[in-house]
Structure formats: C-alpha cells, structure tokens
Amino acid sequence: MSDRIDGLRDALEASPGNTTIRLILAEALRDGGEAAEAISHYEILLAAGGLTPVDAVAVAHFSLDHGRLDVARGCLESARERGEIDGITEADARLAAAMAAITRTGPAVESDAPGDPFDHLAAGQLGPGSVPAAELLREESVRFADVGGLEDLKKVLHRLIVMPYVRPDLYAKYGRRAGGGVMLYGPPGCGKTLIARAIAGECGLPFFPIRIEDVVSEYFGASERNLADIFEQARANAPCVVFIDEMDAIAYKRHRAGGDSARRLTNVLLQQLDGVGSDTTDMLVVGASNAPWDVDSALSRPGRFERRVFVPPPDDDARRAIVETLLHGIHADASGATALAARTDFYSGADLRAVVDRAAEYAIEHALDTGDDQPIGTSELLGAAAEVRPTTLDWLRRARDFLEFADSDEWDDVRTFLKKRPIRKRL
Ligand SMILES: Nc1ncnc2c1ncn2[C@@H]1O[C@H](COP(=O)(O)OP(=O)(O)OP(=O)(O)O)[C@@H](O)[C@H]1O
Ligand SMILES: [Mg+2]
C-alpha cells in the first residue's frame, strides 16, 4: 500500500498539475488512514476545480469526520454551485452542528447576542470560501520579533494599537481612548498580513482574518449577508483582532456612486465598523490594501480606519531577517543571508522566497549531477536573485504616478520613501 502511495507521490511531484494523479493519491491516502494529507490534496483539487460535485459532497463528509470544517464548507459551496443536491442537506446540518459546537466551547458568547451567528449555515445559505472557525480560538503566536527590520513601523503600531489595548488605564487617565482601526497599505508581499498577525500576537489575542473570498458572492444580497455574518462571528469571539484583507475590493471607492450591490457592501462594512466603536466587546480592526487610493474615503473617518500606515518594501535588516528565516532548517549556509540582503533592494518578502526556492533548485541540480550535496551558498543565492525580478517596483511606479496628481498630504509616507529610495533609474 505505502509503495503505491510513494509511487503516486513521486508521479505527482513530477507533474503537480495533474489532477487525476492527485485525486488517485488523495483516495489512496484516505483509504490508508492518512486523513490530513488526503485532505490537503482534496483542498488543492477543490481550488483547481478538480472535484466533481458528487466527489465534493463525499469530501465534505470526510472533512467533517476529521474536523476540517473549512474544507467541508468549500466543498459544499462548490457542489451547490454546480447543482448537486444529493446529500447536501445532511452535510449542511452536520457542518452547522460542528460549527455551533465550536462556538459553544469558544470564549464567552454573550447570551443576549443578537441572533444565532450560524443561522445562515443551518438554513443552507453558505457563503463562499471558508470560515476560519478553527483558527479563531487560538491566540496568535506571531510577534513583532518575527517581523524582520521595519523598526519604526513596529514602534508606531505599538503606540497606536498595542499599548491602548494593553494599558487602557493609562490612556483613559489622559483622556485618550482606544478605538479606530488601522489600515496597512503598500506593495504586495511586504508583510502586511504578517504584521497584522503580529499585532494580534502582541496583544495576546486571536487573529480573525476576513478575506474577500469569504465575503463576495454572485448571489443577490449574499455578500452583504456574508460580511455581516462574519462580523457577528468575530463579535461572538471577541476579544480578537479582525483583519480585513483587500479592503479596496470590499469598499471600492467608485461603488458608492454606482448604487449597486457593491455599494451596499461598503455600507454594511461602515455600519459594522461603527458598531465596533460602540461595542463593549474588544475588537481591534486592522485593514490591508495594495490599492489604498481606491478605498472609499468614508472608511477613513474618525472611529473607522483613521490611521493609514505604509508598509514599505523591506529594508536591508528586514531582508536579512527574512532570508535567515527562509534558510533556517534547510541545507544552507546562513552567511549567504547578508550577501543576498545587500543585493536585493526593492525585493519583497515574497520575492525573496522565490529567490531562495530558485537557489535550492540549483543546489539540487548540482547534487543530482555530481553527487555532491553542498549547502546552498552565496553564489547560488546571488545567481538566483539575478533571475527573479523585484515585484515592488511596479507598485512603486504606480504610486509615483498617482501621487503626481494627488494634492492631498495623505500619502506623505510614500512620498518620503520615494524621495529616499528613488526608483526612476531602475525602470
Ligand atoms: N519584514 C518581514 N519579516 C519577515 N518576513 C516577512 C517580512 N515581510 C514579508 N515577509 C514574508 O514574506 C511573505 C509575504 O508577506 P505577507 O503575506 O505578510 O505580505 P502582504 O503584504 O500581506 O502581501 P499581499 O499584499 O500579497 O497580501 C510572508 O511569507 C512573510 O512571512
Ligand atoms: Mg496579505
């Protein structure tokens, strides 16, 4: 049995896009009692559209058997979208019961909480994506120390959000109250999500991410309901840090003029945010966006996302820290981190990951050719860096073009950054 699984694993490694092999492997793993690994393959198949509706319902049941409610929910949504009915009601009921069980054992759900946050599940109106229910209850473990470099940024966030939460007494004494969200913005892959998690970690709170795919649905009125439901769940799990990723997509500026469902979605978000301020429950709200200029300006009013914080491409120290983390635990010579950091201005954390991956491929090739399995060294890292283009430049160029015509001082952090680290000669 395990020979067969190993063979399938090898075949899949040689051809990762082959959904048939992946499906066969997932089934073999399932039958062989390797549920977690099987489910991880089912997840990939689901995302790639490689599960038939009938399979999806079966996988939903299997995922429920093993506590993976997020996967079950995604499978059911996919099956429903494609018209499957057999077995769906039963799976929905199981999912709703499992989710209700989680909330009951979770942190204090107030008895007078308005309505049951999982009503929509029982009624079979699942939104797309996955509810991060299992993640809710865990305190976030990422801390500021895990975010490399960016010392000024960490200091600002510590003052803006962490201290008001940790020492409300001190702030009250001077007539300052906590509240109001922060929006992190900047080029992709530079640590917005990581920093949001670290904020939760520093406050000793669980992290509650809201992703666009959890919210937006093609069905009439469903997106607004999803968003309200998700906030309801967050409230039931307070205190927590609610993280709204891709704010520009949820609250796109021009939506408000349109009078369509997207405008209603922005309005729901505004209502929910205004509710946060008046709530007795502790919810810290952190947003993130790669296109902050597209975010509806109503969101930046007091009590909402009044503070916008630029998360720049990592500086030298940050890049070294990122590379050190990436090299940790793999066969590599750690001294390469400093050399690589010095040569990768404007590379994002995600770009650096691509560089290290490429360098690992070189080392593997070399080992296969010569039988000599040397650690990844500076030369592999620098060679790989020459092949990976930094992705933050496109963003910075777009920002520069936008700022040329923007007369507000809202984006001064970006202006200052561009002045200090001009990009013109690189483009
Ligand atoms: N300063 C940093 N220190 C350590 N790791 C970092 C840092 N910046 C980025 N990374 C790493 O780079 C990767 C991308 O970071 P992250 O997902 O937080 O970026 P993001 O700004 O949220 O990107 P996106 O806009 O695409 O959502 C992650 O693996 C993260 O751990
Ligand atoms: Mg992110």
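Computed from a predicted model, the values in this text were never measured in an experiment. (Residues numbered from 1 in each chain as written. Chains lettered and ligands numbered in written order. Predicted model: local features only at pLDDT ≥ 70, side-chain atom pairs only at ≥ 80, totals over all residues. Heavy atoms only, no water.)

**Student:** Is there a simple way to explain the site of ligand 1 in this structure?
**Tutor:** Around ligand 1, the surrounding shell holds 16 residues, and the nearest of these are Gly148, Gly189, Lys192, Thr193 and Leu194. The backbone of Gly148 places a nitrogen or oxygen atom 2.8 Å from a nitrogen atom of ligand 1. Contact between ligand 1 and Cys190: an oxygen atom at 3.2 Å from a main-chain N or O atom of the residue. Burial of ligand 1 by the surrounding chains reaches 78%, relative to a free accessible area of 620 Å². If you list the elements that add at least two residues to the shell around ligand 1, you get α11 (192–203) and α19 (349–370). Three or more residues apiece are contributed to the shell around ligand 1 by two domains, here domain 2 (144–310) and domain 3 (316–385). (Near = heavy atom within 4 Å. Polar contact = N/O pair within 3.5 Å; in protein donor to acceptor, adjacent residues only side chain to side chain. Areas by Shrake-Rupley, 256 points an atom, 1.4 Å probe, with all protein chains shown as cover. Helix = DSSP H or I, 4+ residues; strand = E, 2+ residues; numbered from the N terminus. Domains from an automatic or database assignment.)

**Student:** What is the right way to look at the pairing of strand β4 (residues 283–289) in this model?
**Tutor:** Two faces belong to every sheet, and in a regular strand the side chains alternate between them. Taken across its seven residues, β4 has seven buried, putting it largely inside the fold. Burial along β4 is two-sided: the residues Met283, Val285, Gly287 and Ser289 and Leu284, Val286 and Ala288 are all buried. Relative to β4, strand β1 (residues 182–185) runs parallel, the two sharing four bridges. For Val182, the partnering residue across the bridge sits in β4 and is Val286. (Buried < 20%, exposed > 50% of the residue type's maximum accessible area, 1.4 Å probe, protein only. Pairing = 2+ DSSP bridges.)

**Student:** In this structure, what is going on with the environment of Leu205? I would like to understand it.
**Tutor:** As for its position among the elements, Leu205 is in the loop between α11 and β2 (207–210). Considered as a pair, Leu205 and Val241 are 36 residues apart in the sequence and their alpha carbons are 6.5 Å apart. Setting aside chain neighbours within four positions, we find Leu205 in contact with Glu139, Glu140, Tyr165, Ala200, Pro239, Cys240, Val241 and Leu284. (Contact = heavy atoms within 4.5 Å.)

**Student:** Would you explain the confidence of the model for the protein chain in this entry?
**Tutor:** Detail in the predicted coordinates should be disregarded across regions flagged by low pLDDT. Per-residue confidence for the protein chain gives a mean pLDDT of 83, with 86% of residues at or over 70. Mean pLDDT in the protein chain bottoms out at helix α7 (residues 119–122), which sits at 35, and peaks at helix α20 (residues 378–385), which reaches 96. The low-confidence segment residues 105–136, where pLDDT is below 50, has 63 contacts with residues more than four positions distant or belonging to other chains. (pLDDT = per-residue confidence, 0-100.)

**Student:** I tried to follow the pattern of salt bridges on my own but got confused; where do I start?
**Tutor:** Pairing of side chains with opposite charge becomes possible as their charged atoms draw close. Applying the stated criterion across every chain yields a total of 26 salt bridges. For Glu43, the salt bridge is made with Arg68, and the minimal N-O distance between the two is 3.3 Å. Taken together, the residues Glu43 in helix α3 (residues 35–47) and Arg68 in the loop between α4 (53–65) and α5 (69–81) connect sequence positions 25 residues apart. Residue Arg320 is joined to Asp317 by a salt bridge in which the shortest nitrogen-to-oxygen separation is 3.3 Å. In this pair, Arg320 and Asp317 both sit in helix α17 (residues 316–327), three residues apart, roughly one turn of the helix. Connected via shared salt-bridge partners are Asp316, Arg319, Asp345 and Arg421. (Salt bridge = Lys/Arg side-chain N within 4 Å of Asp/Glu carboxyl O.)

**Student:** It is not clear to me how the packing of helix α2 (residues 19–31) against α3 should be interpreted in this structure. Could you clarify?
**Tutor:** When two helices pack together, their arrangement is given by the angle between the helix axes and by the axis-to-axis distance. Relative orientation of the contacting elements α2 and α3 amounts to 155°, with a least axis distance of 8 Å. Judged by the inter-axis angle, α2 sits roughly antiparallel to α3. Between α2 and α3 the crossing geometry is left-handed. Facing α2, whose interface residues are Thr19, Arg22, Leu23, Leu25, Ala26, Glu27, Leu29 and Arg30, α3 presents Glu37, Ala38, His41, Tyr42, Ile44 and Leu45. Tallied by class, the residues present in the contact of α2 with α3 amount to eight nonpolar, two polar and four charged. (Axes fitted to C-alpha atoms, helices over the stretch in contact; angles between N-to-C directions. Parallel < 35°, antiparallel > 145°, perpendicular 65-115°, else oblique. Left-handed = near helix turned anticlockwise from the far one by under 90°. Nonpolar A, V, L, I, M, F, W, Y, C, P; charged D, E, K, R; others polar.)

**Student:** Hey, could you run me through the packing of helix α1 (residues 2–14) against α2 in this one?
**Tutor:** In the contact formed by α1 and α2, the axes pass within 9 Å of each other and the chain directions differ by 155°. Viewed along their axes, α1 and α2 adopt a mutual orientation that is roughly antiparallel. Taken as a pair, α1 and α2 cross one another with a handedness that is left-handed. In contact with Arg4, Ile5, Leu8, Arg9, Ala11 and Leu12 of α1, α2 contributes Ile21, Arg22, Ile24, Leu25, Ala28 and Leu29. The class makeup of the residues in the contact of α1 with α2 is nine nonpolar, no polar and three charged.

**Student:** What is the right way to read the pairing of β1 from this model?
**Tutor:** Here β1 shows two buried faces, one formed by Val182 and Leu184 and the other by Met183 and Tyr185. Relative to strand β5 (residues 307–310), β1 runs parallel, the two sharing four bridges. By the bridge assignment for β5, Met183 is matched with Arg308.

**Student:** How should the side chain of Arg22 be read in this particular structure?
**Tutor:** Position of Arg22 relative to the elements: it lies in helix α2. One buried charged residue, Arg22, remains without a salt bridge, the closest side chain of opposite sign being Glu37 at 8.3 Å. (Lys, Arg positive; Asp, Glu negative; His and termini not counted.)

**Student:** Mind showing me how you'd approach the nonpolar core here?
**Tutor:** Note that soluble globular proteins tend to have their nonpolar side chains buried in a common cluster. Among the nonpolar cores identified, the biggest contains 31 residues, and Leu25, Tyr42, Leu51, Phe62, Cys75 and Leu95 are the most heavily contacted of them. For this core, the elements supplying multiple residues, two or more each, are α1, α2, α3, α4, α5 and α6 (88–105). Once residues lying within four places of it in the same chain are set aside, the contact partners of Phe62 are Arg30, Ala35, Ala38, Ile39 and Tyr42. One finds Met183, Val215, Phe231 and Ala251 within the second-largest nonpolar core, a separate group that totals 28 residues. (Core = buried A, V, L, I, M, F, W, Y, C linked by side-chain atoms within 4.5 Å.)

**Student:** Explanation requested: the sheet that holds β4 in the structure shown.
**Tutor:** Picture the strands of a sheet paired through backbone hydrogen bonds; they go either parallel or antiparallel. Strand order across the open sheet formed by five strands is β2-β3-β4-β1-β5, with parallel pairing between neighbours. With one partner strand each, in any of the chains shown, β2 and β5 form the two edges of the open sheet. Across the sheet, the mean angle separating the axes of adjacent strands is 25° when strand polarity is ignored.

**Student:** What's the story with the environment of Glu202 in this structure? I'm lost.
**Tutor:** The residue Glu202 is located in helix α11 in this model. Along the primary structure Glu202 and Val166 are separated by 36 residues, whereas in three dimensions their C-alpha atoms are 9.0 Å apart. Setting aside anything within four residues of it in sequence, one finds Glu202 in contact with Val142, Arg143, Phe144, Ala145, Val162 and Val166.

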